Amino acid sequence: MDKAEVFEELRPLLFSIAYRMLGSVSEAEDAVQETWLRFDGSASRVASAKAYLSATVTRVSIDVLRSARMRREEYVGPWFPEPLLSDPYQDPARSAELADSVSMAALLLLERLSPLERSVFVLREVFSFGFDEVAAAVGRSEAACRQLLVRARQHMRAERPRFAADRRERQELAARFFEALKDGDVGALQNLLAADVQLVGDGGGKAPQLAQAVAGAGNVARLLASVYPLMARVDVTFEPREINGQPGAIFRDRDEQVLHVLALDVLDGRISTVRSVINPDKLGHLGPVADAWAVDREVRQARRRIT
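Residues numbered from 1 in each chain as written. Predicted model: local features only at pLDDT ≥ 70, side-chain atom pairs only at ≥ 80, totals over all residues. Heavy atoms only, no water.

Concerning empty space enclosed by the protein
Where empty space is left can be seen by rolling a probe of water-molecule size over the atoms. With the rule as written, the count across this model stands at 1 cavity of 30 Å³ or more. Lining of the largest cavity is provided by Met104, Ile243, Asn244, Gln246, Ala263, Leu264, Asp265 and Arg275. When residues in the lining of the largest cavity are grouped by element, the largest group, 3 residues, is from strand β5 (residues 258–267). Considering only residue class, the lining of the largest cavity consists of 4 nonpolar, 2 polar and 2 charged. (1 Å grid on protein atoms, 1.4 Å probe; cavity = no way out; pocket = protein on both sides within 12 Å on 5 of 7 lines; lining within 4 Å. Points joined across faces, edges and corners; volume = space filled by probe spheres on them. Helix = DSSP H or I, 4+ residues; strand = E, 2+ residues; numbered from the N terminus. Nonpolar A, V, L, I, M, F, W, Y, C, P; charged D, E, K, R; others polar.)

Structure representation (structure tokens):
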């Protein structure tokens, strides 16, 4: 195969590495494109295209991470990864692990690691690269990479929830949740939520949001039940979809433009976290983006007509 064919064959892996490193679909796509430019412009022969390209996309992602730190520290409100509908890299033998590693909960924990710890964890723990390949990718010795991995594992295992429910159980729970949401049924919603559930929104200061953070089954159920029936009155619809390997939905305005994404964490038979991503900068890869402020005004008008 020529360079382009080799690259296209490995593109799904490269994107999946970059997305786990960066938590951004657009930045991951840019990192993959930069990797291609470097590969295409290199005159030297490589022993392993997979190792070379994986190392290159890792280094590019580390550079992006370092430059993004300040931007994320200045971010308005909670920061969430850009929603991912499907991971292009597939490994049937490790599908559950790969889905878990791309969940929003896991990506938010990865945000707390240093760029090097994050790189080593993603390459070794998620994609099972050898320590020699990991060391070459991050420019550290194998011994140093082992130490970085130990620290990263300790942090991830200490705080990372394990989504033990099987996919069918999660989807059935999500279907009941979205049915109750559509009906505005506070009791049904509350029965599906963990006692300490959190609802958290990411608007980035660029869109109205349900709330930055609401805790407790009763509070979350009442808020959701008060808002979504009103949204239906102004022709907002939703489409259940898998979001970052977990149940969720895409909400659209009457013109079928993307309004926001809701993602659910399911733990021990209950919904433990509800995340809303409404920052328009994080939704463009899903399609044309709605004017959330206009929808919000319509919802407020619908509320006034009822009251």
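After that view of the structure, there is still more to cover.
Thoughts on helix α11 (residues 217–233)
With 17 residues, α11 extends 25 Å from end C-alpha to end C-alpha; this agrees with the ideal 24 Å at 1.5 Å per step. Within α11, the full set of buried residues consists of Ala217, Gly218, Val220, Ala221, Leu224, Ala225, Val227, Tyr228, Leu230 and Met231. Following α11 by one or two positions, aspartate 235 adopts a phi angle in the positive range, close to 70 degrees. (Expected span 1.5 Å × (residues − 1). Buried < 20%, exposed > 50% of the residue type's maximum accessible area, 1.4 Å probe, protein only.)

Some points on the packing of aromatic side chains
Overall, the coordinates contain 9 aromatic pairs when judged by the stated rule. On the basis of an interplanar angle of 15 degrees and a centroid distance of 6.1 Å, the ring pair of phenylalanine 15 and tyrosine 19 is categorised as stacked. Taken together, the residues span about one helical turn, with phenylalanine 15 and tyrosine 19 both in helix α1 (residues 3–22) at a distance of 4 residues. Tyrosine 19 shares its class with phenylalanine 15; the two are buried. Note on tryptophan 36 and phenylalanine 39: the rings are 6.3 Å apart at their centroids and 70 degrees apart in plane angle, and the pair reads as edge-to-face. Taken together, the residues tryptophan 36 and phenylalanine 39, both in helix α2 (residues 25–41) and 3 residues apart, mark about one turn of the helix. For tryptophan 36, a relative accessible area of 18% corresponds to the buried category. Here the aromatic residues Phe177, Phe178, Tyr228, Phe238 and Phe251 are joined through ring pairs into a cluster of three or more. The aromatic ring of phenylalanine 131 is capped on one face by arginine 146, whose charged end is 4.1 Å from the ring centroid. (Phe/Tyr/Trp six-rings, centres within 6.5 Å; stacked < 30°, edge-to-face > 60°. Lys NZ or Arg CZ within 6 Å of the ring centre and 35° of its normal.)

Comments concerning the sheet that holds strand β1 (residues 193–202)
The strand order β2-β1-β6-β5-β4-β3 describes an open sheet built from 6 strands, whose pairing is mixed. A strand with exactly one partner marks an edge of an open sheet, and here the two such strands are β2 (213–215) and β3 (237–243). When the angles between neighbouring strand axes are averaged without regard to direction, this sheet yields 15 degrees. Where β3 meets strand β4 (residues 246–252), 7 bridges bridge the pair, whose relative direction is antiparallel. Across the sheet, residue threonine 237 finds its bridge partner in β4, namely arginine 252. Here α11 sits on the sheet in contact with β1, β2, β4 and β5, set at roughly 50 degrees to β1. (Pairing = 2+ DSSP bridges. Axes fitted to C-alpha atoms, helices over the stretch in contact; angles between N-to-C directions. Contact = heavy atoms within 4.5 Å.)

As for the nonpolar core
The nonpolar side chains of a soluble globular protein tend to be buried with one another. If you look at the biggest cluster of nonpolar residues, it comprises 49 residues, and the most contacted ones within it are Ile17, Tyr19 and Phe127. Residue assignment for this core shows that the elements contributing at least two residues are α1, α2, α3 (49–73), α5 (104–110), α6 (115–126), α7 (131–138) and α8 (142–159). No other element matches the 11 residues that α1 contributes to this core. Those residues in contact with isoleucine 17 that lie beyond four places of it in its chain are Ser54, Val57, Thr58, Val122, Leu123, Phe127 and Phe129. Within the second largest apolar cluster, 38 residues are counted, among which are Ala180, Ala221, Leu224 and Val227. (Core = buried A, V, L, I, M, F, W, Y, C linked by side-chain atoms within 4.5 Å.)

Regarding the side chain of aspartate 202
Tracing the backbone shows aspartate 202 in strand β1. A polar contact of 2.5 Å, which involves the side chain of aspartate 202, links it to the side chain of lysine 282. When near neighbours in sequence (up to four residues on either side) are disregarded, aspartate 202 contacts Tyr75, Pro78, Trp79, Phe80, Gln209, Ser276, Val277, Ile278, Asn279 and Lys282. (Polar contact = N/O pair within 3.5 Å; in protein donor to acceptor, adjacent residues only side chain to side chain.)

Some details on α2
Because each turn of an α-helix spans 3.6 residues, side chains separated by three or four positions in sequence point in the same direction. Along its 17 residues, α2 runs 24 Å from first to last C-alpha, staying within 8% of the 24 Å computed at 1.5 Å per residue. The complete set of buried residues in α2 reads Val25, Glu27, Ala28, Ala31, Val32, Thr35, Trp36 and Phe39.

A closer look at the pairing of β1
Put simply, side chains in a regular strand alternate between the two faces of the sheet. Across the 10 residues of β1, 7 count as buried, placing the element largely inside the fold. Pairing between β1 and strand β6 (residues 270–277): 6 bridges, direction parallel. Bridge assignment links glycine 201 to a residue of β6, and that residue is serine 276.

What to know about the pairing of β4
Most of β4 is tucked away: 7 of the 7 residues are buried. Joining the antiparallel neighbours β3 and β4 is a turn of 2 residues, in which asparagine 244 adopts a positive phi near 50 degrees. Taken together, the 5 bridges between β4 and β5 define a ladder with antiparallel strand orientation. Looking at β5, one finds that phenylalanine 251 is bridged to histidine 260. The antiparallel pairing of β4 with β5 creates a hairpin that spans 5 residues between the two strands, and glutamate 256 there sits at a positive phi of about 70 degrees.

Bear in mind that shape data such as this cannot, by itself, settle questions of function.
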